[in-house]
Amino acid sequence: MVEESRDVAEVVRSIELYLIGKKIHELGKQGVSKLVFTREPVFRKREDVGTLVVAAGSYDPLSVAHVSLFREGLRAARESSNAEGLEETLILTSTAHFEKDINLRENAAIYDRVHAQEGFARCEGNVSLGFFNKALFVEMAESVREAYPNTGIYFLVGTDVMQKVLDPMGYQRIGLDSTETQRRLFTGSKFVVSQRKIKTLQGEKLVTLDDLQSMYPDSLQYSDRMISIDLENGYDGLEIPIEAVSSTLIRQKRNVNENIRDLVAVGISQFVDKRSLYLRDSDRYAAFVCARQRFADQHKDQPIASYIGELMAYLEKLDNAPELREKEVKEYGGRKR
């Protein structure tokens, strides 16, 4: 499957996102917490946002199930806060694992996941996108509150993630006081929690927020800061239950050339096609990523305009030369991303 003719502006944008992610990842390794917005709604001011739902995840790719959760999260937040002002969803992608090796035949590079989300954000209107460079929710919460000082903030999570938030042993293992850390976390923010299946010694179990509060009774003091939700019962145009939709299912279907248009969020499928994403029998995307990052790294102190012409010419050669793609992936693909 040959990609459509490449758009220079789109390739430039992907390089921008790579350089932004790489920069704040380096700041994170130096101990500096940094939230960077890569896309915000036009004409709105952050101080005008009354209710914010924060969805932190990899979203590879963003599915209709995720969109359903976003909408249900906003509904729950709206009913909880009764705040005036605009409503907004902030999708945050962590750069904490920016250097982790990725199988580019099965997954998208981290910054391409954000790039794909830009189409969805433009379609929705009230969606912002950003990178954050720390792994802990308490650090993320404080950075989000700094960006939205007058806003009701709701973190949208599954019970699998919420368990990590509530488990005191997790904090103790990294040298943090669990009581103080949770106090900081729940001060000024709430959690909207969706039930999830969690692997246990007895097999998979559907875990609810009530289950977690029974497991961690100290969390009951924050019960007014946690809201339980479920996925919507239906989704227009979807032939399978919404709870059956996952990013893994989408990648599997894409790999065998099945139609995924009804499973991915609006604005995503065309990006997937253009990038030749999630095709295990194709090396086009892997070669594209390796070449793009190699050029960006080699010219890191120069403006993109100084090398984009050379890169575009090289990418055209890659499209028509399997041996060159193999060489590119072999020589550069082994490096950390």
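Bear in mind that the values here come from a model prediction, so they are computed numbers and not experimental data.

Caption draft 1: Structural detail: helix H7 (residues 178-186). Turning to H7, its buried residues number three or more, namely Ser178, Thr181, Gln182, Leu185 and Phe186. The buried side chains of H7 occupy one side of the element, clustering within an arc of 120° when seen end-on. Lining the buried residues of H7 we find helix H4 (137-147), helix H5 (159-166), helix H6 (168-173), strand E6 (189-194) and strand E9 (226-229). Looking at where H7 begins, the residue whose side-chain oxygen comes 3.0 Å from the main-chain nitrogen of Thr179 is Asp177.

Caption draft 2: Up close: the layout of surface pockets. Taken as a whole, the second largest pocket spans an internal volume of roughly 250 Å³. Along its surface, the second largest pocket is lined by Ala9, Glu10, Arg13, His115, Ala116, Glu118, Gly119, Arg122, Gly267, Gln270, Phe271 and Lys274. Only helix H1 (8-29), helix H3 (110-124) and helix H10 (269-275) provide two or more residues apiece to the lining of the second largest pocket. Class assignment of the residues belonging to the lining of the second largest pocket gives a composition of three nonpolar, four polar and five charged.

Caption draft 3: Layout of the pattern of salt bridges. Counted according to the given criterion, the structure contains 26 salt bridges. A single salt-bridge network, built from bridges that share partners, covers Glu10, Asp112, Lys274, Arg275 and Arg292.

Caption draft 4: Expanded view of the sheet that holds E6. Strand order in this open sheet of seven strands is E1-E4-E3-E2-E5-E6-E9, and the pairing throughout is mixed. In the strand order of this sheet, the two ends are held by strand E1 (35-39) and E9, each with one partner. Between one strand and the next, the sheet's axes are offset by a mean angle of 30°, whatever the strand orientation. On top of the sheet, H4 reaches E1, strand E2 (49-56), strand E3 (86-94), strand E4 (127-132), strand E5 (152-158) and E6; it is set at about 150° to E5, its chief contact.

Caption draft 5: Structural context of the packing of aromatic side chains. For the coordinates displayed, the defined rule picks out ten aromatic pairs. For the ring pair Phe137 and Phe155, a centre distance of 5.5 Å and an interplane angle of 85° mean the geometry is edge-to-face. Taken together, the residues span a long stretch of sequence, with Phe137 in helix H4 and Phe155 in strand E5 at a distance of 18 residues. By relative accessible area, Phe137 is classed as buried at 16%. Taking the centre distance of 4.4 Å and the plane angle of 10° together, the rings of Phe186 and Tyr222 count as stacked. Of this pair, Phe186 sits in helix H7 while Tyr222 sits in the loop between helix H8 (209-215) and E9; the two residues are 36 residues apart in sequence, bridging distant segments of the chain. Overall, the relative accessible area of 3% leaves Phe186 in the buried class. Tyr222 gets classed as buried once you look at its relative accessible area, which sits at 12%. An aromatic cluster is defined as three or more aromatic residues linked by ring pairs; in this entry it consists of Phe137, Phe155, Phe186, Phe191 and Tyr222.

Caption draft 6: Structural view of empty space enclosed by the protein. Taken as a whole, this structure holds two cavities of 30 Å³ or more when the rule is applied. Considered as a void within the structure, the largest cavity measures approximately 60 Å³ in volume. Looking at the largest cavity, it is lined by 13 residues, and the ones nearest its centre are Pro61, Asp112, Arg113, Ala116 and Tyr278. Mapped by element, the contributors of at least two residues to the lining of the largest cavity are H3 and H10. With four residues, the single largest contributor to the lining of the largest cavity is H3.

The rules behind each value
- Residues numbered from 1 in each chain as written.
- Predicted model: local features only at pLDDT ≥ 70, side-chain atom pairs only at ≥ 80, totals over all residues.
- Heavy atoms only, no water.
- Buried < 20%, exposed > 50% of the residue type's maximum accessible area, 1.4 Å probe, protein only.
- Helix = DSSP H or I, 4+ residues; strand = E, 2+ residues; numbered from the N terminus.
- Arc of directions from axis to C-beta.
- Contact = heavy atoms within 4.5 Å.
- Polar contact = N/O pair within 3.5 Å; in protein donor to acceptor, adjacent residues only side chain to side chain.
- 1 Å grid on protein atoms, 1.4 Å probe; cavity = no way out; pocket = protein on both sides within 12 Å on 5 of 7 lines; lining within 4 Å.
- Points joined across faces, edges and corners; volume = space filled by probe spheres on them.
- Nonpolar A, V, L, I, M, F, W, Y, C, P; charged D, E, K, R; others polar.
- Salt bridge = Lys/Arg side-chain N within 4 Å of Asp/Glu carboxyl O.
- Pairing = 2+ DSSP bridges.
- Axes fitted to C-alpha atoms, helices over the stretch in contact; angles between N-to-C directions.
- Phe/Tyr/Trp six-rings, centres within 6.5 Å; stacked < 30°, edge-to-face > 60°.

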